[in-house]
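Next come the chains, spelled out residue by residue.
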Amino acid sequence: MPPKNKLSLSVQYPDPRLKTVVARAAIRRWVQSALFAPAELTIRFVDAVEGQALNRDYRGKDYATNVLTFAYTEDQKGEITQADIVLCTDVLEREAAEQGKTVVGHAAHLIVHGVLHAQGYDHENDEEAAEMEQIEIELLAALDFPNPYATASKANRIG
């Protein structure tokens, strides 16, 4: 087993609904599994109001989305990965129900997805999307979660 990358992790629950469902220890394990370099990350669970405001103010999209990644060092080689990853509890819970997934499993997927974004992975074109999805599938399988894309339609995919 390869050594774990150094991780400084802050987990914030301003929306406390998932605090007892999605435990810090599990989040740390999920984040660590997706790290390819040392990192300083914050995972923040927010409600739809804050999620919509962040998405509107920083991406120009006036709706709450499932996960937002604010990567601060993705283009700086050799730097510690620094990012804030924001999950919207309302969207996460709704998508999990719509897709027949557990909230924990969907949270794990969104966190892995966000950590990959923090390290420069993206899904702006089909090739990038296929690469990122394959990495997510493999990482989540190693964490004993099913393929998150097996039942998700294109409309329900992340991003």
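Enquirer: Even after reading the chapter, I still don't get the pairing of strand E1 (residues 7-12), so can you show me in this structure?
Expert: Residues in a regular strand project their side chains so that they alternate between the two faces of the sheet. Because side chains alternate across E1, one face comprises the buried residues Leu 7, Leu 9 and Val 11, and the other comprises Ser 8, Ser 10 and Gln 12, none of which is buried. The pairing of E1 with strand E2 (residues 39-46) spans six bridges and is classified as parallel. Bridge pairing in E2 links Leu 7 to Ala 39. Read from E1 through helix H1 (residues 24-34) to E2, the crossover connection turns out left-handed.

Enquirer: What is the right way to read the sheet that holds strand E4 (residues 81-88) from this model?
Expert: Sheet strands line up and pair through hydrogen bonds in the backbone, either parallel or antiparallel. Read across the sheet, four strands follow the order E1-E2-E4-E3 without closing on themselves; strand pairing throughout is mixed. Sheet topology places E1 and strand E3 (67-71) at the edges, where each strand pairs with a single neighbour. Neighbouring strand axes in the sheet, compared pairwise and without regard to direction, differ in orientation by 15 degrees on average. H1 contacts E1 and E2 of the sheet and is inclined by roughly 135 degrees relative to E1. Along the sheet, helix H3 (residues 89-99) contacts E2 and E4; its crossing angle with E4, the most-contacted strand, is approximately 65 degrees.

Enquirer: What should I look at first to understand helix H2 (residues 48-59) in this one?
Expert: Note: α-helices contain 3.6 residues per turn, so residues at a spacing of three or four share the same orientation. Over its 12 residues, H2 extends 15 Å from the first C-alpha to the last, a length consistent with the 16 Å expected when each residue adds 1.5 Å. Here the buried face of H2 lies against E2, E3 and E4. Residue Asp 47 occupies the N-cap position of H2, its side-chain oxygen lying 3.2 Å from the main-chain nitrogen of Val 49.

Enquirer: Please clarify how the nonpolar core should be interpreted in this entry.
Expert: Of all hydrophobic cores here, the largest spans 35 residues; its most connected members are Ile 27, Trp 30, Val 31, Leu 41 and Phe 45. Counting residues per element, this core draws most heavily on helix H4 (residues 103-118), at eight residues. Among all residues touching Phe 45, those that are not within four sequence positions of it are Val 11, Gln 12, Tyr 13, Pro 14, Asp 15, Leu 18, Val 22, Ile 27, Leu 87, Thr 89 and Ile 111. One finds Val 46, Leu 68, Val 86 and Val 91 within the second-largest nonpolar core, a separate group that totals seven residues.

Enquirer: I would appreciate a short explanation of the packing of aromatic side chains in the present structure.
Expert: Here the distance between the centres and the angle between the planes together describe a pair of aromatic rings. Throughout the structure, instances matching the rule amount to four aromatic pairs. Measuring from ring centre to ring centre gives 5.2 Å for Tyr 13 and Phe 45, while their planes differ by 5 degrees; the resulting arrangement is stacked. Of the two residues, Tyr 13 is situated in the loop between E1 and H1 and Phe 45 in strand E2; the sequence distance between them amounts to 32 residues. For Tyr 13, a relative accessible area of 12% translates into the label buried. Overall, the relative accessible area of 0% leaves Phe 45 in the buried class.

Enquirer: Any chance you could explain unusual backbone geometry here in plain terms?
Expert: The backbone of Asp 144 sits at a positive phi, close to 70 degrees, despite the residue not being glycine. Relative to the assigned elements, Asp 144 resides in the segment after helix H5 (126-142).

Enquirer: Help me understand the side chain of Gln 99 in this model?
Expert: Here Gln 99 lies in helix H3. In terms of polar contacts, Gln 99 uses its side chain to reach the side chain of Lys 101, at 2.7 Å.

Reading the values: the criteria
- Residues numbered from 1 in each chain as written.
- Predicted model: local features only at pLDDT ≥ 70, side-chain atom pairs only at ≥ 80, totals over all residues.
- Heavy atoms only, no water.
- Buried < 20%, exposed > 50% of the residue type's maximum accessible area, 1.4 Å probe, protein only.
- Helix = DSSP H or I, 4+ residues; strand = E, 2+ residues; numbered from the N terminus.
- Pairing = 2+ DSSP bridges.
- Right-handed = clockwise from strand over helix to strand, strands pointing away.
- Axes fitted to C-alpha atoms, helices over the stretch in contact; angles between N-to-C directions.
- Contact = heavy atoms within 4.5 Å.
- Expected span 1.5 Å × (residues − 1).
- Polar contact = N/O pair within 3.5 Å; in protein donor to acceptor, adjacent residues only side chain to side chain.
- Core = buried A, V, L, I, M, F, W, Y, C linked by side-chain atoms within 4.5 Å.
- Phe/Tyr/Trp six-rings, centres within 6.5 Å; stacked < 30°, edge-to-face > 60°.

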